Structure formats: C-alpha cells, structure tokens
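# Fold and geometry: a report
Chain residues, written in single-letter form:
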Amino acid sequence: MIATSPTEFLEAFATLAPLPEAAATARAAFLVAPAEFALAEESARDNRYMDTSLAVDPLRALAQHGALAQALRADVPVITFPGDPATPDAVFPNNVFATAPGRLIVGRMRHPVRRREAERADIRAFFGEVLGYDEIDLSGCDDLVAELTGSLVIDRARGVGYCGLSERCDLAGAEAMHKAFGLRLTFCFELAETEYHTNVVLALLASRAAIIAADGFRDPAAAQAIAHACGDRAIWLTPAQKQAFAGNAITLSDGCVWMSACAAAALTDEQREALAGYGFAIGTVELDEIEKAGGSLRCCVGEIY
C-alpha cells in the first residue's frame, strides 16, 4: 500500500511480517564513469547543491571516480560502464537505472539531459541479455516523474520504500516505483522546498539504522516516523552536515557505511560512536570534484540485487 501520513505509515508498518529471504544489501554495484566531466545547466534549476559558477577538473573527477570503484570492491563486485560527454549527469546512474531481484527498472527523469541516459542500449543489454533480468521501463511515461533511488530510499529487507515528493518525483511516479520494485509499503512525504532528492536527506543502513536530515522534510513528523520504524536507531544531521552530503551514504555490506571524505569529516565524534554501536565502520573516498555536480557517493552507486 501507499501511505501518505506518518500515522498511516506507522500503523501499516506495524502489521508487516518479516521477510527472512530478503537481502538487506546488494550483491554487486555498477557505476558510470564521468566523461569530460561538466556541470549540467538543466539539473541546476532544481538542484540547490550545485554551483555552476565553479570550475571543474575532468581528470580529477575521473581519478576520484576510479578510486571509488576500487574502494567499493572491498564489499561487492563493481562494474563501471563508460561515460558519455553528452550526458554529464550520468555519473549519478542510480536515478536512471535500478534493480530488484530479477528486474531492471528504468526511471522517468524530469530533465531532457537526463532522459538521454535512459536510452543507453549497453546498460539495458547488460541486465537483459547478460543477467537475464526483466525490464520495467518507466522512461516513456509522460504522465509521471520517477527518479528511482534518488527519490525512493528502500528498506530492502522489509520491502518498504520511503519516497520524497519533489520536482524529481510526483505521486504517480511513486506509485509506479512501488509496483516496479515490488514493495509491500511505500511512505510518501513531501521534501522541503529546497530539496530535490530523498537520498540527500535520508540513508538506510543495511535495514537496521538510518541517517536523517530532519530539515530536508516538509513535515518533521515524517522524519520522526522513519526513525521510529528503524527502532529509533538514527543519526540526526544538522543542516551543515546535510550540505556536506553526510546523508548521501550507502551500505553495500552489513558492516560498513560508505560516504565521501567531506561527509565523514562533518560527523561529530558522538555520531561516529553511534554508527560504531550500530555495527558500522565508516568507509570514505575523496569526491569533492564530483560533488560540485550536486551529488555525492550514494548518487554514484547503482545497486544490483
């Protein structure tokens, strides 16, 4: 079901039986390399984390991206697809391509510069012809916007989605993703006016804890409901920590949360101790060049389930 209020969500969440066969983290990951890295003017219209006045260094972005791929291989196999200068935001593939067991989902992007990414035949063929995944293609749906795991943060072990509504995802898009990912429950809430993607203000860590930036939610009760669903195992971020991308984190194994070096440096000692208490080491990679494009480590990672 789709829940649109904190009370409705928590009541529905309380009725869910465990899914013992569901994996909390992915079995592999895929990246798309930056090619002639640049800032996309279209994306900057509703991504307040971008500053198009900044100069970028394409070679430095490529080197940082390669270091990210190498680091993540400590947890899962990693595949890197080549980039395309015509699609500068393709370095953030999780908005366009995502998976559920046996399925590839292709998103419906808001901006034309990102819709071109969905046309990539090689990525579709890898999942369809090599892995044998069925394809669910939302990219041609003109009546919705659905930017996949940018807008939808998923508790994979429970089959529960957390979908922030913004310019990048409307209610019709949330409903389409709920069906495409085969979720049991999706909680839809409005993001704060200045936010574009949920995965900047919320990270779920191996389905047992959360990182939450409360100011990223239109209704603070929505953030509190998510924390409650996580057993109140939550790291609460300040606005400055959110701006440093501390909420744009990902777990690819049960024992490590990955975030950029800038994000990790923004955490307090108490927050680091809390993460350790939840069973997580912190893995970091320098991504400050890529972060100029308005996304960070989690945005760079597509998960393969």
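Details of the structure are given in the entry above.
Residues numbered from 1 in each chain as written. Predicted model: local features only at pLDDT ≥ 70, side-chain atom pairs only at ≥ 80, totals over all residues. Heavy atoms only, no water.

## Structural notes on the sheet that holds strand E3 (residues 78–81)
Quick note on the threshold: The pairing criterion for strands is at least two bridges between them, as found by DSSP. In DSSP terms, a helix is any run of H or I states spanning at least four residues, a strand is any run of E spanning at least two, and both are numbered starting from the N terminus. Here the axes come from fitting lines to C-alpha atoms, over the contacting stretch only for helices, and the angles between their N-to-C directions go from 0 to 180 degrees. Any two residues having at least one pair of non-hydrogen atoms within 4.5 Å are treated as being in contact.
The strand order across the open sheet built from 3 strands is E3-E2-E16, with neighbouring strands paired in mixed fashion. Every interior strand has two partners, whereas the edge strands, E3 and strand E16 (302–304), have only one. Direction aside, neighbouring strands of the sheet carry axes that sit 25° apart on average. Across 4 bridges, the pairing between strand E2 (residues 28–32) and E3 is parallel. Residue pairing for E3: Val32 is matched across the bridge by Phe81. Set on the sheet, helix H2 (residues 58–72) makes contact with E2 and E3; between it and E2 the angle comes to about 175°. Strands in contact with helix H4 (residues 121–130) are E2, E3 and E16; relative to E3, the strand with the most contacts, it is inclined by about 150°.

## Structural notes on the nonpolar core
Note the threshold: Nine residue types can take part in a nonpolar core, namely buried Ala, Val, Leu, Ile, Met, Phe, Trp, Tyr and Cys, and a core is a set of them joined through side-chain atoms within 4.5 Å. Each residue gets one of three labels from its accessible area relative to the maximum for its type: buried under 20%, exposed over 50%, partly exposed in between, using a 1.4 Å probe on protein chains only.
Judged by nonpolar contacts, the single largest core of 42 residues is most densely connected at Phe9, Tyr162, Leu202, Ile212 and Phe217. Of the residues forming this core, the biggest block, 6 residues, is contributed by helix H7 (residues 220–229). Other than its neighbours up to four places away in sequence, Phe9 contacts Ala3, Val160, Tyr162, Leu185, Phe187, Ala225 and Ala229. Judged by nonpolar contacts, the second largest core, of 27 residues, contains Leu31, Leu39, Ile250 and Ala293.

## With respect to the sheet that holds strand E4 (residues 97–100)
Sheets are built from strands that pair by backbone hydrogen bonding, the pairs being arranged parallel or antiparallel. Across the sheet, 3 strands lie side by side as E4-E5-E6; this open sheet has mixed pairing. Since the sheet does not close on itself, it has two edges, and those belong to E4 and strand E6 (134–137), each with one partner. Across the sheet, the mean angle separating the axes of adjacent strands is 25° when strand polarity is ignored. With 4 bridges joining them, E4 and strand E5 (residues 103–106) adopt antiparallel strand pairing. What sits directly across from Ala98, in E5, is Ile105.

## Thoughts on helix H6 (residues 171–180)
Among the residues making up H6, those that are buried are Gly173, Ala174, Ala176, Met177, His178 and Ala180. After H6 finishes, the residue Gly182 shows a positive phi value of roughly 70°.

## Description of the pattern of salt bridges
Condition: Just to be clear on terms, a salt bridge is a Lys or Arg side-chain nitrogen sitting within 4 Å of an Asp or Glu carboxyl oxygen.
Throughout the structure, instances matching the rule amount to 14 salt bridges. Across the pair Arg218 and Glu190 runs a salt bridge whose closest N-O atoms are separated by 3.1 Å. Taken together, the positions of Arg218 in the loop between strand E11 (209–212) and H7 and Glu190 in strand E9 (residues 185–190) put the pair 28 residues apart, joining distant regions of the chain. Ionic contacts of the salt-bridge type, sharing partners, join the residues Arg60, Asp288, Glu289 and Lys292 into one network.

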